[in-house]
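# Geometric and topological summary
The chain contents come next:
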Amino acid sequence: MSEDLRGINDLDRLIHEPARLLIATILSTVSSADFLFLQRETNLTKGNLSAHLSKLEEAGYVKVEKTFKGKLPLTVCKLTAKGQKALAAYRQQMRMFMDKTG
Amino acid sequence: MKDETSQIERRVNRYWYSDGIGELIGGGVFFLLAAYFALQQFLGEQSFVGGLLQAGLILALIGVMYIGRRVVNTLKARITYPRTGYVEYRADARNANLRRVLALLTGMAVAALSVFVANRFNMIDGMVAVTGVLVAIIFMVKQGWISRLGRFFYLSAVSLVSGGILSVSGFPRGYNLGLFYALMGVALALSGGLTLKNYLRENPFPAETGNE
């Protein structure tokens with residue numbers, strides 16, 4: 001196995017997980033989105049989405065803000081600069097791997 | 001992977017149009033424009049009020065666009081966000097220079113087209129025809145192409161056809177433009193109304209409101 005292909009082992013596993021990759025990709029296309037929107041777009045359960053967001057937040061990839069819109073609680077999520085960088089690096093690594101393996 | 005990202009991006013952009021609220025308010029703006037041109041024609045450009053109307057067009061347009069945007073946001077906050085979620089779109093800085101050049105070229109092309117039409121075909125009202133083409137381009141390129149929603153292509157076809165037919169109708173220009181904007185207002189209101197009806201049917205207000 002070439003050195004390039006071995007690079008697959010260095011993939012950011014936090015981003016590599018499909019649900020988190022989807023969350024990060026959605027957030028990368030907007031300035032911010034709320035929990036309900038992410039839940040509908042990802043088809044995840046509340047608990048699942050909450051758990052994945054917590055992991056992304058712990059890594060500093062996503063910023064989660066709990067606010068109120070009128071009387072309604074609103075959880076707004078935003079991809080941080082660190083998260084954007086991690087997603088871009090992941091995409092580049094994957095593209096390189098796909099190019100090498102044809 | 002790039003394709004999948006583009007698909008996600010398109011789906012997120014399309015979300016803005018999923019409730020039809022923008023078209024409904026856009027239809028209202030078009031009705032106001034219709035009333036403006038008809039009133040201006042009725043009063044005559046030489047009259048004091050007619051002159052004021054003509055001078056204030058740009059200011060009125062900016063004001064109406066600003067208020068329209070506020071109304072859209074307010075309605076979305078009451079109707080859309082509690083049902084399907086809130087999204088704040090990013091001001092897209094990508095290809096900003098290319099887009100500016102394209103906008104400039106489009107403006108120059110439209111100006112050249114209007115001069116050509118006005119000089120070449122005296123029997124038609126070039127202003128209405130050009131307005132029809134311009135509005136069609138906006139619907140087709142800005143909304144239809146970006147969101148890939150078929151209804152915007154129908155709206156651009158309505159704009160082209162009504163602009164073309166009205167340009168040979170022989171009505172005075174103000175009434176012609178007024179009628180064009182009124183027709184487009186009806187088309188937009190219908191499109192937005194039907195979209196909103198479907199949206200509300202598919203997304204009933206959740207019993208449990210708010211976010212996790």
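Higher on the page you've got the structure.
Treat the numbers as computed from the prediction; the structure is a model and nothing was measured.

### With respect to helix H4 (residues 35-42) of chain A
Among the eight residues of H4(A), seven are classified as buried, and the element is accordingly described as predominantly covered. Restricting attention to buried positions, one finds in H4(A) the residues Phe35(A), Leu36(A), Phe37(A), Leu38(A), Gln39(A), Glu41(A) and Thr42(A).

### A closer look at the sheet that holds strand E2 (residues 62-69) of chain A
Spatially, four strands are ordered E2(A)-E3(A)-E1(A)-E1(B) in an open sheet, and the strand pairing comes out antiparallel. Here the strands that pair on one side only, and so sit at the sheet edges, are E2 of chain A together with strand E1 (87-88) of chain B. On the sheet, helix H3 (residues 18-28) of chain A packs against strand E1 (32-34), E2 and strand E3 (72-79) of chain A and is oriented at approximately 90° with respect to E3(A). Lying on the sheet, H4(A) is in contact with E1 and E3 of chain A together with E1 of chain B; it crosses E1(A) at an angle near 85°.

### Regarding empty space enclosed by the protein
Residue and element names in this part refer to chain B. For the coordinates displayed, the defined rule picks out one cavity of 30 Å³ or more. Of the volumes computed, that of the largest cavity is approximately 30 Å³. Every residue along the wall of the largest cavity is listed here: Tyr15, Trp16, Asp19, Lys76, Thr80, Tyr81, Val87 and Tyr89. The element best represented in the lining of the largest cavity is helix H4 (residues 57-84), accounting for three residues. Partitioning the lining of the largest cavity into residue classes produces five nonpolar, one polar and two charged.

### Overview of the nonpolar core
Counting residues in each nonpolar core, the largest one holds 30 residues, and the members touching the most others are Ile15(A), Leu27(A), Leu38(A), Leu53(A) and Val62(A). Those elements that provide at least two residues to this core are H3, H4, helix H5 (46-58), E2, E3 and helix H6 (81-101) of chain A together with helix H1 (2-15) of chain B. Top contributing element to this core by residue count: H3(A), with six residues. Counting 27 residues, the second largest nonpolar core, distinct from the first, contains Ile21(B), Ile25(B), Leu33(B) and Leu196(B).

### Examining helix H6 (residues 126-147) of chain B
Residue and element names in this part refer to chain B. Taking 1.5 Å per residue, 22 residues should reach 32 Å; H6 reaches 30 Å between its end C-alpha atoms and fits that length. The largest bend in H6 comes to about 25°, at methionine 140. Of the positions making up H6, those classed as buried are Gly126, Val128, Ala129, Val130, Thr131, Gly132, Val135, Ala136, Phe139, Gln143, Gly144 and Ser147. Just downstream of H6 lies arginine 148, where phi reads positive at about 55°.

### Some remarks on the packing of H3(A) against H4(A)
Residues and elements named next belong to chain A. Two elements in contact, H3 and H4, have axes whose closest approach is 10 Å; the angle formed by their N-to-C orientations is 125°. In this view, H3 runs oblique relative to H4, as classed from their interaxial angle. H3 and H4 meet at a crossing whose hand is right-handed. Every residue of H4 that contacts H3 at Leu22, Ile23, Ile26 and Leu27 is listed here: Phe37, Leu38, Glu41 and Thr42. Split by residue class, the contact of H3 with H4 holds six nonpolar, one polar and one charged.

### Some remarks on the pairing of E3(A)
Residue and element names in this part refer to chain A. Relative to E3, E1 runs antiparallel, the two sharing two bridges. Following the sheet pairing, alanine 33 is matched in E3 by cysteine 77. As paired elements, E2 and E3 share eight bridges and run antiparallel to each other. In the strand pairing of E3, lysine 63 is matched with lysine 78.

### Quick word on the interface of chain B and chain A
Across the boundary between the two partners, chain B contributes 24 residues, which contact 28 residues of chain A. Between chain B and chain A, a total of about 2,400 Å² is buried, with carbon and sulfur atoms accounting for 57% of that surface. Viewed at the interface, chain A and chain B are joined by one salt bridge. Residues Arg11(B) and Glu41(A) are paired through a salt bridge, measuring 2.8 Å at the closest nitrogen-oxygen approach. Joining chain B to chain A, the criterion identifies five residue pairs in polar contact (both at pLDDT 80 or more).

### Some thoughts on the layout of surface pockets
Within this model, the second largest pocket holds a volume of roughly 320 Å³. Lining the second largest pocket are 16 residues, with Arg14(B), Tyr15(B), Ser18(B), Tyr199(B) and Asn203(B) sitting closest to its centre. Going through the elements one at a time, H4 of chain A together with H1 and helix H8 (173-202) of chain B are the ones with two or more residues in the lining of the second largest pocket. Counting residues per element, the lining of the second largest pocket draws most heavily on H8(B), which supplies four residues.

Rules behind the numbers
Residues numbered from 1 in each chain as written. Chains lettered and ligands numbered in written order. Predicted model: local features only at pLDDT ≥ 70, side-chain atom pairs only at ≥ 80, totals over all residues. Heavy atoms only, no water. Buried < 20%, exposed > 50% of the residue type's maximum accessible area, 1.4 Å probe, protein only. Helix = DSSP H or I, 4+ residues; strand = E, 2+ residues; numbered from the N terminus. Pairing = 2+ DSSP bridges. Contact = heavy atoms within 4.5 Å. Axes fitted to C-alpha atoms, helices over the stretch in contact; angles between N-to-C directions. 1 Å grid on protein atoms, 1.4 Å probe; cavity = no way out; pocket = protein on both sides within 12 Å on 5 of 7 lines; lining within 4 Å. Points joined across faces, edges and corners; volume = space filled by probe spheres on them. Nonpolar A, V, L, I, M, F, W, Y, C, P; charged D, E, K, R; others polar. Core = buried A, V, L, I, M, F, W, Y, C linked by side-chain atoms within 4.5 Å. Expected span 1.5 Å × (residues − 1). Bend = angle between axes of the 7 residues up to and from the residue. Parallel < 35°, antiparallel > 145°, perpendicular 65-115°, else oblique. Left-handed = near helix turned anticlockwise from the far one by under 90°. Buried area = accessible area lost by both parts, 1.4 Å probe. Salt bridge = Lys/Arg side-chain N within 4 Å of Asp/Glu carboxyl O. Polar contact = N/O pair within 3.5 Å; in protein donor to acceptor, adjacent residues only side chain to side chain.

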